[in-house]
Amino acid sequence: MSTDIVQKLWGFCHTLRHDGIDYGDYIEQITYLLFLKMADEKGIDLSAIEVPGKKGKTELVDCSWPTLEEQSGTRLTDHYNEILRALGQAPGILGDIYSGAQSRFNNPVNLKKLVSLIDETEWTTLGVDVKAQAYEGLLEKAASEGKKGAGQFFTPRILIQSIVRCMKPDPRSAPDFTICDPAVGTGGFLVAAYEWLAKETKGALERDVAKRVKTKTYFGEELVARPRRLALMNLYLHGIEPHIRLGDSIYESPSAERFECILTNPPFGTKGASQAPERDDFTVATSNKQLNFVQHILTILKPGGRAAVVLPDNVLFADQAGEIMKIVAEDCDLHTVLRLPRGTFTPYSQGVKANVIFFTKGYSTEKVWIYDARTNVEQITKKDRPLTPEHFKEFEKCYGADPNGKSKRKTSDSKEDRWRSFHISEVKERDFKLDGFKWIKEESLDDADDLPPAEELATDAIGELKETVAELNQVLALLEGNGGESKPKSRAQA
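One structure accompanies this document, and this report is about it. (Residues numbered from 1 in each chain as written. Predicted model: local features only at pLDDT ≥ 70, side-chain atom pairs only at ≥ 80, totals over all residues. Heavy atoms only, no water.)

1. Remarks on the overall build of the protein
Counted only if it meets this: Think of it this way: any DSSP run of H or I at least four residues long counts as a helix, any run of E at least two long counts as a strand, and we number them from the N terminus. Only protein chains enter the area calculation, which uses a 1.4 Å probe; residues under 20% of their type maximum are buried, those over 50% are exposed, and those in between are partly exposed.
When you go through the protein residue by residue, the secondary structure sums to 17 helices and eleven strands. Residue burial in the protein is summarised as follows: out of 494 residues, 54% are buried.

So this is what it looks like as structure tokens:
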């Protein structure tokens, strides 16, 4: 059912391309209209939304679905614009979703067609799963078929679900249990965390717990307005009212909130990261966004809280990575590293090689377990070799039932065993650079014809060069700021 809805709505997107509406614009406009349609089905009265009028007087705007549906031509586009402006000033999640909303329709015929398409389905009669799957299906298509870089807001669901199964983000375990994604994108991690809970409980929660889960459990932050808007809608369709702040997790001071569980995939690349943030809680001064996200997580994670963070390879071998991973290893139990298959982020960010690090705050690291799901594993492709749950099935078994990595773990003596542990002394010997632990022989390297694709090799090289330049600029900035003398920074307490 959800697939049929996705195909119907997505098919119309190609028509809208001629109206200058890109994939992201289209999903955004669907978000606005879908909310109005479901509000009408649920009997939510939007017929008299108060907005500031002239001379300080309040005016009422009828934002109900029937008033939109009955219009056509320029009256339709004018009324649609009026609705968006009015709802953007409304309180609560309504104002959050419509904040700064603008119509992208130049041709009223196209707007009328989309209104009619959405009106054909009685959305509230569909199960939550169907609505949510349809919406997530549209998000995934926008990420995979949109312009390059769209995938920075989208992590493959199969990877997210595997991480969530390991982390078991269960709000029933504590009355103040909260889950956060400080780089929330379109909300994939938070949605998967809730779906995991729904599956575990079969939807049966005590009334007070259900209310807390719905309104006080899921948190996030997003720098860009559009993905935040989509995340709010994504979770709303799952019956959740999340707290997702629009802001910069790294360069702005963190709030006082602390979280039991953090699941996140910080945006790849160095764009926009020209200088180190001025934060007292950061021990290491760096402009590397991903490393700063790690430092940010150390701050916002509660003692005893757990985190899973996706990080690209070049972050793990950067010079300052050793400094930050040393802090992580001292302040947390950095118990597990998952080395992801090549092409995991196909088609969003094809050349990126990445890892997931798992740690628990408040316990120093004694041993790091690494699972190599990459060496001698065929590269993931969009059609012939897509990412499947089988890629992570053995890892999840090795990880064990304890979300904090405390399950009894074992490895074999085989050189081909993908699951190995390394004592913290071995990690120290490598200056805490976690990318250096490789024990399976790379068969493809014996044959030049089997080398990784040129795009992947180029991406690796460019990543290393950018990292080197960023580090050199940081050194120059420190030297210039201190009159040529670099001064050590004191260790801040989170």
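Read on for the rest.
2. Brief notes about the sheet that holds strand β5 (residues 243-246)
Remark on secondary structure: sheet strands pair via backbone hydrogen bonds, oriented parallel or antiparallel. Going by this rule: We call two strands paired when DSSP finds no fewer than two bridges between them. Throughout, an axis means a line fitted to C-alpha atoms (over the contacting stretch in the case of helices), and angles, computed between N-to-C directions, take values from 0 to 180 degrees.
With respect to topology, nine strands assemble into an open sheet ordered β5-β4-β3-β6-β7-β9-β8-β10-β11, the strand pairing being mixed. The open sheet has two edge strands, β5 and β11 (419-423), and neither has a second partner. Geometrically, the sheet is characterised by an average inter-axis angle of 15° between neighbouring strands, direction not taken into account. Across four bridges, the pairing between strand β4 (residues 218-222) and β5 is parallel. Bridge assignment links F219 to a residue of β5, and that residue is H243.

3. Description of the nonpolar core
To be explicit about the condition: In these notes, a set of buried Ala, Val, Leu, Ile, Met, Phe, Trp, Tyr and Cys residues joined through side-chain atoms within 4.5 Å is what counts as a nonpolar core. Here, residues are in contact when the closest pair of their heavy atoms is within 4.5 Å.
Of all hydrophobic cores here, the largest spans 99 residues; its most connected members are L9, Y98, I163, L263 and F358. Counting residues per element, this core draws most heavily on helix α2 (residues 23-41), which supplies eleven residues. For I163, the residues in contact, after removing those within four places along its chain, are F189, L263, A308, V310, V356 and F358.

4. Quick notes on the packing of aromatic side chains
Heads up, the condition is: Here a Phe, Tyr or Trp ring, Trp counted by its six-membered ring, pairs with any other such ring whose centre lies within 6.5 Å, and the pair is stacked when the planes are under 30 degrees apart, edge-to-face when over 60, and tilted otherwise. The rule for a charge over a ring is simple: NZ of Lys or CZ of Arg within 6 Å of the ring centre, and within 35 degrees of the ring normal.
One pass over the full model with this rule turns up 14 aromatic pairs. Relative to Y98, the ring of F35 has its centre 5.9 Å away and its plane inclined at 85°; by these criteria the two rings are edge-to-face. Remark: Y98 occurs in helix α5 (residues 92-98) and F35 occurs in helix α2; sequence separation between them is 63 residues. With centroids separated by 4.4 Å and ring planes inclined at 45°, the aromatic side chains of F422 and F437 adopt a geometry described as tilted. In this pair, F422 is assigned in strand β11 and F437 in the loop between α16 (424-429) and α17 (454-481), connecting sequence segments 15 residues apart. Each member of the pair, F422 as well as F437, is classed as buried. Taken together, the aromatic side chains of F358, W369, Y371, F395, Y399 and W419 make up a single cluster linked through ring pairs. For K406, the ring lying beneath its charged end belongs to Y363, and the centroid distance is 5.6 Å. Geometry around F437 places R430 over its ring, the cationic atom sitting 4.6 Å from the centre.

5. Topic: the pattern of salt bridges
What counts, and what does not: The salt bridge criterion pairs a side-chain nitrogen of Lys or Arg with a carboxyl oxygen of Asp or Glu, the two atoms within 4 Å.
Inspection of every chain in the model, using the stated rule, returns 21 salt bridges. Between R279 and D281 there is a salt bridge; the shortest N-O distance is 2.7 Å. Just as R279 is buried, D281 falls in that class too. Taken together, the shared-partner salt bridges in this structure form one network comprising D25, E28, R104, R226 and R229.

6. Digging into helix α11 (residues 225-237)
Put simply, the rule is: Multiplying 1.5 Å by the residue count of a helix minus one yields the expected span of that helix.
The end-to-end C-alpha distance of α11, which contains 13 residues, comes to 19 Å, matching closely the 18 Å that a straight helix rising 1.5 Å per residue would cover. The buried count for α11 comes to eleven of 13 residues, which makes it a mostly enclosed element. Listing the buried residues of α11 in full gives P227, R228, R229, L230, A231, L232, M233, N234, L235, Y236 and L237. Just downstream of α11, G239 is the residue with a positive phi angle, here 85°.

7. Some thoughts on the environment of L263
With respect to the helices, strands and loops of the structure, L263 is situated in strand β6 (residues 259-264). Taking the relative accessible area as the measure of exposure, L263 reaches 1% and is therefore buried. For L263 and P169, which are 94 residues apart along the polypeptide, the C-alpha to C-alpha distance reads 9.2 Å. For L263, the contacting residues outside a window of four places in its chain are I163, V164, M167, P169, I179, C180, D181, F189, A193 and A308.

8. Some thoughts on the side chain of T299
Where we set the bar: Any pair of N or O atoms that falls within 3.5 Å is considered a polar contact. Within protein, one atom must be able to donate a hydrogen and the other to accept it, and sequence-neighbouring residues count only if both atoms are side-chain atoms.
Secondary-structure assignment places T299 in helix α12 (residues 289-300). Residue T299 is classed as buried on the basis of its relative accessible area, which comes to 5%. There is a polar contact of 2.6 Å between the side chain of T299 and the side chain of D281.

9. Describing the packing of α2 against helix α6 (residues 108-119)
The criterion, for reference: Note on terminology: angles under 35 degrees are roughly parallel, angles over 145 are roughly antiparallel, angles of 65 to 115 are roughly perpendicular, and the others are oblique. Note on convention: the crossing is left-handed when the near helix lies turned anticlockwise from the far helix by less than a right angle, right-handed when the turn is clockwise. Under the convention adopted here, Pro, Cys and the residues Ala, Val, Leu, Ile, Met, Phe, Trp and Tyr are nonpolar, Asp, Glu, Lys and Arg are charged, and Gly plus all remaining residues are polar.
One can describe the packing of α2 onto α6 by two numbers: an axis separation of 10 Å at closest approach and a directional angle of 50°. Relative to α6, the element α2 is oriented oblique. Taken as a pair, α2 and α6 cross one another with a handedness that is right-handed. Between α2 and α6, the contacting residues are Y26, I30, L33, L34 and K37 on the first element and L111, L114, V115, I118 and D119 on the second. Classifying every residue of the contact of α2 with α6 gives eight nonpolar, no polar and two charged.

10. Here's the deal with the environment of I300
Within the secondary structure, I300 sits in helix α12. Along the chain, I300 and C180 lie 120 residues apart, while their C-alpha atoms are 9.2 Å from each other. Ignoring sequence-local partners within four residues, the contact set of I300 consists of C180, P182, P254, E257, R258, F259 and I262.

11. As for the environment of I324
Mapped onto the elements, I324 comes out in helix α14 (residues 319-331). Owing to a relative accessible area of 0%, I324 belongs among the buried residues under this scheme. Residues I324 and N292 lie 32 residues apart in sequence; the distance between their C-alpha atoms is 8.9 Å. Each residue touching I324, except ones within four places of it in the same chain, is listed here: V284, T286, L291, V294 and Q295.

12. Quick word on unusual backbone geometry
Positive phi values are uncommon outside glycine, yet D431 reaches one of about 55°. The residue D431 is located in the loop between α16 and α17 in this model.

13. Brief notes about the pairing of strand β1 (residues 49-52)
Burial along β1 is one-sided: I49 and V51 are buried, while E50 and P52, pointing the other way, are not. Examined bridge by bridge, β1 and strand β2 (residues 58-61) share four bridges and lie antiparallel to one another. Bridged to I49 within β2 is V61.

In short, shape yes, function no, at least from these values alone.
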